[in-house]
Amino acid sequence: MSDDARGATSQPLVSGKSTLTLPPSTLQLPVLSLFPCRADGSVGQTGPRSASQQHSPAHTDAVTSVAALKPDLCVSGGKDKSVAVCSWRSGAALRRFIGHEREVTKVTSALDSSRVFSASRDKTVMMWELHGTSGPSQHFPGHDLVVTGLAVSPDASQLCTGSRDNTVCKWDTETGECLGRAAISRNLVTHLCWVPGEPYVIQTSEDKTTRVWDSRELQVAHTFPAKQHIQTCCDVSQDGRYCLSSSSGHSGHGGEATLWDLRQTRGRVCEYKGHFQTTTSCVFLPRGPALAPSIATSSSDSTVKVWDQGTAACLATLCLEGSGPLASLAACDSSTLLCASSNSGIHVLRLSGGTEPALEEVAAF
C-alpha cells in the first residue's frame, strides 16, 4: 500500500444552518458487551449509568483514540478511517477529516494549537488545520508498519512518531522533513507523549519497558525497569515530574498502572491495581479544588477508574456496560473525562468531588 494517502478531503459536518443527517444504521450502535464488567474487590464507588444525553455518533465504527482540545473541543479517530472534531459539551460535530486509507490509531494536538495530527494503520501520519482548507496540510510517510505512537511538542513545531517497525522518528511539522530516526530491536511502540516544557518524550513498548527519549538527538536518556506485561499507554503530569504507564493483563493478572518519578529516583513510585483486563489508557487529571491529585484509567473490562495519585486508593469506578473494550481516555478539565469505546462511541464522564467522589456518564456521541 502506498505511504501517501490519496483523495484527502475535509468535510464540515455543520455548516451554517444545515446539519449532518446520518443514515439510521449509524445511529444504532451495538450494545452487546464483549467484556462484561466483573467485581474486582477494589476500593471505591461503582458509579451508575444514569440516563445520559445521546448525540449523533462522531464515528460509524469503533473509536480508537480521543484527545482534548481547548477550550471545549475534542479530536477523535476511528476504524472508519476518519478524524472528527467535536464539541464535547454539546456533542456537535464540527469537522471531519478524511484521507487515511486504513484505521486511525492515534490522534493528538498541542494545547491551544489549531493543528491536529493523526496516525494510521496505513503507515502514515497526517497534519490537519482546524480552520484551514480541505485536505491535510502535511504528510509524514516513512514508517514500515502501523504507526502506534504520536507526540507533538508544546509549540507544535516538532512531531515524534513511533511504530511497530521498532522505530521512533522526529519530524519538522512545517516542512514534513524527517529530522531523525532511531531503531531499537523489539521496541514495538505502543504510545508516545511529550514532557511539558522539556525536550523529552516518554514511550511505552510491547517489550514491557517505558523509555525516556531526548528529542534533540533522538537518543534514549533513560529506561525504566521492565514490567511483567506489555506497556500499553503513557502520560506525563502537567509539572513534568511524573509519568504513568499502563499494563496489559488478563483475568485479574496484570492490568495495573504505574507511577514513575522523572526527576529524582527515576524509579517506580506506586501502582494502581484493580482492573480485571488490560488497562488501555492512563491520564493525569488536571488539578481541581475538589480532589487531591488524581489519575484515571480505562480498561478492556469496560470500566473507568479514578485513583488518588498519592495513596493509590481507588476513588470511583464506572462500568460502561455494553461499550466493549475502552480504548482511550482524555482529560478535558478537573471533572470531565472523555472515553473512547469499541461499541458505543465517545462517552462524556463527570467526576464529582467531596468525601465520596462519584463518576457518572453524562453524554455520549
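Note that this is a predicted model, so its numbers are computed, not measured. (Residues numbered from 1 in each chain as written. Predicted model: local features only at pLDDT ≥ 70, side-chain atom pairs only at ≥ 80, totals over all residues. Heavy atoms only, no water.)

Quick look at the pattern of salt bridges
Put simply, the rule is: By salt bridge we mean one thing: a side-chain nitrogen of Lys or Arg within 4 Å of a carboxyl oxygen of Asp or Glu. Each helix is a run of DSSP H or I of at least 4 residues and each strand a run of E of at least 2, with the numbering of both proceeding from the N terminus. Under the scheme applied here, a residue whose accessible area is under 20% of the maximum for its type counts as buried, over 50% as exposed, and between as partly exposed, the area being computed with a 1.4 Å probe on protein chains only.
As enumerated under the stated definition, the model contains 12 salt bridges in all. Across the salt bridge formed by Arg-164 and Glu-206, the nearest N and O atoms sit 2.3 Å from each other. One end of the pair, Arg-164, is in the loop between β15 (158-163) and β16 (167-172); the other, Glu-206, is in the loop between β19 (200-205) and β20 (210-214), and 42 residues separate them in sequence. Arg-164 gets classed as partly exposed once you look at its relative accessible area, which sits at 34%. Ionic pairing is found between Glu-256 and Lys-227, a salt bridge with its closest N-O pair at 3.2 Å. With Glu-256 in the loop between β25 (253-254) and β26 (257-261) and Lys-227 in the loop between β21 (219-223) and β22 (231-236), this residue pair connects regions lying 29 residues apart in the sequence. Glu-256 sits in the buried class, given a relative accessible area of 7%.

As for the pairing of strand β12 (residues 124-129)
Let me state the cut-off plainly: Strands were regarded as paired on the criterion that DSSP finds at least two bridges between them.
Taken across its 6 residues, β12 has 5 buried, putting it largely inside the fold. The sheet contact formed by strand β11 (residues 115-120) and β12 spans 5 bridges and is antiparallel. In the sheet register, Phe-117 faces β12, and the bridge partner there is Met-127. In this structure, the hairpin formed by β11 and β12 is closed by a connection of 3 residues, where Lys-123 is found at a positive phi of approximately 80 degrees. Note: β12 against strand β13 (residues 138-141), 4 bridges, orientation antiparallel. Note on β13: the bridge partner recorded for Val-125 is Phe-140.

What about the environment of Ile-184?
Quick note on the threshold: Should any heavy atoms of two residues lie within 4.5 Å, those residues are counted as being in contact.
Tracing the chain through its elements places Ile-184 in the loop between β17 (178-183) and β18 (189-194). Using a relative accessible area of 23% as the deciding quantity, one classes Ile-184 as partly exposed. Linking Ile-184 and Val-220, residues 36 residues apart in sequence, is a C-alpha distance of 9.8 Å. If near-sequence neighbours (up to four positions away) are discounted, Ile-184 is found in contact with Asn-166, Arg-211, Trp-213 and Val-220.

Points about unusual backbone geometry
Residue Pro-71 is bonded to the preceding Lys-70 through a cis peptide linkage, with omega at 0 degrees. Along the chain, the position of Pro-71 falls in the loop between β6 (63-69) and β7 (73-78). One non-glycine residue, Asn-166, adopts positive backbone phi at about 75 degrees. With respect to the element layout, Asn-166 can be found in the loop between β15 and β16. Despite not being glycine, Arg-186 has its phi angle at roughly 70 degrees, a positive value. Here Arg-186 is to be found in the loop between β17 and β18.

A few points about the pairing of β15
The buried fraction of β15 amounts to 5 of the 6 residues, a majority that puts the element mostly inside the structure. Linking strand β14 (residues 147-152) back to β15 in an antiparallel pair, the connection comprises 5 residues, with Ala-156 at a positive phi of about 60 degrees. Sheet topology note: the β15/β16 ladder contains 5 bridges and is antiparallel. Residue Cys-160 lies in a different strand from β16, and its bridge partner there is Lys-170. Linkage of β15 to β16, two consecutive antiparallel strands, is achieved through a turn of 3 residues, within which Asn-166 is found at a positive phi near 75 degrees.

A closer look at the sheet that holds strand β32 (residues 326-333)
Read from one edge of the open sheet, 5 strands run β5-β35-β34-β33-β32, paired in mixed fashion. Both outer strands of the open sheet, β5 (53-54) and β32, are each paired with one neighbouring strand and no more. As paired elements, β32 and strand β33 (residues 336-341) share 6 bridges and run antiparallel to each other. Counterpart to Asp-333 in the pairing with β33 is Thr-336.

Examining the nonpolar core
Applied cut-off: Take the buried Ala, Val, Leu, Ile, Met, Phe, Trp, Tyr and Cys residues and link them wherever side-chain atoms come within 4.5 Å; each set so joined is a nonpolar core.
Counting 17 residues, the largest nonpolar core has Val-304, Val-306, Leu-337, Leu-349 and Leu-359 as the members making the most contacts within it. Counting only elements with at least two residues in this core, the list comes to β30 (303-308), β31 (314-319), β32, β33 and β34 (346-352). Counting residues per element, this core draws most heavily on β31, which supplies 3 residues. Formed by 16 residues, the second largest nonpolar core is a distinct cluster that contains Ala-58, Cys-74, Leu-338 and Ala-363.

Comments concerning the side chain of Ser-247
Applied cut-off: Under this definition, polar contacts are N or O atom pairs within 3.5 Å; protein pairs additionally need one hydrogen-donor-capable and one acceptor-capable atom, and for neighbouring residues in sequence, both atoms have to be side-chain atoms.
On the secondary structure map, Ser-247 appears in strand β23 (residues 242-247). A distance of 2.7 Å separates a polar atom in the side chain of Ser-247 from a polar atom in the side chain of Gln-231. Residues in contact with Ser-247, not counting those within four places in the same chain, are Lys-227, His-229, Ile-230, Gln-231, Thr-232, Gly-255, Glu-256, Thr-278 and Thr-279.

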